[in-house]
Amino acid sequence: MASVEPRMASGSDASVEPRMASGSDASVEPPMGSGSDALADPCGTACLDGAADSYVALDLETTGLSFKKEKIIEIGALKVQGGKVTDRFHSLVDPRRALSQEIVRLTGLTDGQLAGQPGIEAVIGELVDFCEELPLLGHRIQFDYSFLKKAAVDQKIVWERDGIDTLFLCRVFMPKEEKKNLGDACGFFQIETGGSHRALADAEAAHRLYQVLKARYGGAEPGRFTAKKLICKVKREQPATKRQKQRLQELLKCHRIETSVQIDYLTRNEASRLTDVILAQRGRGEEP
């Protein structure tokens, strides 16, 4: 039996596998404004009053870069009040698909470690409760928030948040020639970290980085350290229909394709994309 893993892209991207990376060090970055406003306000909104000293430092590990197509595999969060860590949240998440070799190499996580862990639908409510009304902090926090906002919307949870981006702060205060991913930024400021590309360790690193930046530069430029509105517009995904799942099963059986994707958990869009990829690569096969 063939062991072909159908790609879940569509349109012009159907033959291109998305580059896999995690939130804090991913090299593809979302827009942070334009023109003269890009540094002044990366989220496109006015600053809140006062430099933030209470927040939830957050990091995710994911199967890839697109929050619309990829999945969360690990969540790490620290509740910080008055600059001190008061609580921690950690969960592995079953993506219900096989990890790429790049993600296994990058994070050290394996399919075996994630199998049987709760799905994101069982975790997102707990995380929302953990965060309370505190702003979120992270290195490229918009990346993490986008994944979490989608998970919340899919569970009919309203979750609007303000955020603090340590990557933005590094761009402001570090020399231009220095690398500004989380690991290199911590190295530049001589901050000890507990490794990288694991969610809780990276959340801790972002928290320590923020505190160092605020101590050095917050007095002169407190406005840089205020939380700003995070914006992510996403629609709720509907589960795949019975007919979509049946058709997929028929195609997989007809073409003798093995897949790690758990069909029962696909959304309508995911089922449609996967069906299209199989049809494009293998054809219709025998009619049921």
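Residues numbered from 1 in each chain as written. Predicted model: local features only at pLDDT ≥ 70, side-chain atom pairs only at ≥ 80, totals over all residues. Heavy atoms only, no water.

Caption draft 1: Examining the overall build of the protein more closely. Within the protein one finds 10 helices and six strands. Within the protein, the fraction of its 288 residues that count as buried is 47%. Considering only contacts within the protein whose residues lie at least 6 apart along the sequence, 75% involve residues at least 24 apart. Counting only carbon and sulfur atoms, one obtains 48% of the accessible surface of the protein, whose full area is about 14100 Å². (Helix = DSSP H or I, 4+ residues; strand = E, 2+ residues; numbered from the N terminus. Buried < 20%, exposed > 50% of the residue type's maximum accessible area, 1.4 Å probe, protein only. Contact = heavy atoms within 4.5 Å. Areas by Shrake-Rupley, 256 points an atom, 1.4 Å probe, with all protein chains shown as cover.)

Caption draft 2: Representation of the packing of aromatic side chains in the model. Counted according to the given criterion, the structure contains eight aromatic pairs. The interplanar angle of 5 degrees and the centroid separation of 4.4 Å between the aromatic rings of F173 and Y217 together place this pair among those described as stacked. Of this pair, F173 sits in helix α6 (residues 166-173) while Y217 sits in helix α8 (residues 199-217), placing them 44 residues apart in sequence. For Y217, a relative accessible area of 23% translates into the label partly exposed. Taking the centre distance of 5.0 Å and the plane angle of 90 degrees together, the rings of F188 and F189 count as edge-to-face. Residue classification places F189 among the buried positions, given a relative accessible area of 4%. (Phe/Tyr/Trp six-rings, centres within 6.5 Å; stacked < 30°, edge-to-face > 60°.)

Caption draft 3: Structural view of the sheet that holds strand β6 (residues 228-229). Read across the sheet, six strands follow the order β3-β2-β1-β4-β5-β6 without closing on themselves; strand pairing throughout is mixed. Lying at the two open borders of the sheet, with one neighbouring strand each, are β3 (84-92) and β6. Pairing geometry for strand β2 (residues 72-81) and β3, over eight bridges, is antiparallel. When the bridges of β3 are listed, K79 appears paired with D87. Docked against the sheet, helix α4 (residues 120-131) engages β1 (55-62), β2, β3 and β4 (136-138), running at close to 10 degrees with respect to β2. The strands touched by helix α5 (residues 141-154) are β1, β2, β4 and β5 (162-165); relative to β1, the strand with the most contacts, the crossing angle is about 75 degrees. (Pairing = 2+ DSSP bridges. Axes fitted to C-alpha atoms, helices over the stretch in contact; angles between N-to-C directions.)

Caption draft 4: Main features of α6. Most of α6 sits out of view: six of its eight residues are buried. Taken as a whole, α6 has its buried residues at T166, L167, F168, L169, C170 and F173. The distance from a side-chain oxygen at the start of α6 to the backbone nitrogen of L167 is 2.9 Å, and the residue carrying that oxygen is D165. (Polar contact = N/O pair within 3.5 Å; in protein donor to acceptor, adjacent residues only side chain to side chain.)

Caption draft 5: Spatial organisation of unusual backbone geometry. Positioned with a positive phi, Q190 is a non-glycine residue whose angle comes to about 55 degrees. Summarising the element assignment, Q190 is placed in the loop between α7 (182-188) and α8. On the accessibility criterion, Q190 (75% relative accessible area) is exposed. For R256, which is not glycine, the phi torsion reads 55 degrees and is therefore positive. In this fold, R256 is placed in the loop between α9 (242-254) and α10 (268-282).

Caption draft 6: Just the packing of α9 against α10, in detail. Relative to each other, α9 and α10 sit at 25 degrees, their axes nearing to 10 Å. Between α9 and α10, the angle falls in the class roughly parallel. Crossing handedness for the pair α9 and α10: left-handed. For the pair α9 and α10, the contacting residues are Q244, R247, L248, L251 and L252 in the first and R268, A271, S272, L274, T275, I278 and L279 in the second. Of the residues in the contact of α9 with α10, the class split is seven nonpolar, three polar and two charged. (Parallel < 35°, antiparallel > 145°, perpendicular 65-115°, else oblique. Left-handed = near helix turned anticlockwise from the far one by under 90°. Nonpolar A, V, L, I, M, F, W, Y, C, P; charged D, E, K, R; others polar.)

Caption draft 7: Representation of the pattern of salt bridges within the structure. Within the structure shown, the criterion is met by 14 salt bridges. A salt bridge links E132 to K79, with the nearest nitrogen and oxygen atoms 2.6 Å apart. With E132 in the loop between α4 and β4 and K79 in strand β2, this residue pair connects regions lying 53 residues apart in the sequence. The residue R208 makes a salt bridge to E204 at a minimum N-O spacing of 3.2 Å. Here R208 and its partner E204 are both found in helix α8, four residues apart, which amounts to about one turn of the helix. Judged by its relative accessible area of 36%, R208 is partly exposed. By relative accessible area, which is 17% here, E204 ends up buried. Within this structure, R88, E204 and R208 form a network of salt bridges that share partners. (Salt bridge = Lys/Arg side-chain N within 4 Å of Asp/Glu carboxyl O.)

Caption draft 8: Here's a closer look at the packing of α4 against α5. Running from N to C, α4 and α5 point in directions that differ by 105 degrees, and their axes come no closer than 9 Å. Of the possible angle classes, the one that applies to α4 and α5 is roughly perpendicular. Counted together, I120, I124 and L127 of α4 and L148, A151 and A152 of α5 form the full contact between these two elements. By residue class, the composition of the contact of α4 with α5 is six nonpolar, no polar and no charged.

Geometric values such as these leave the question of function open.
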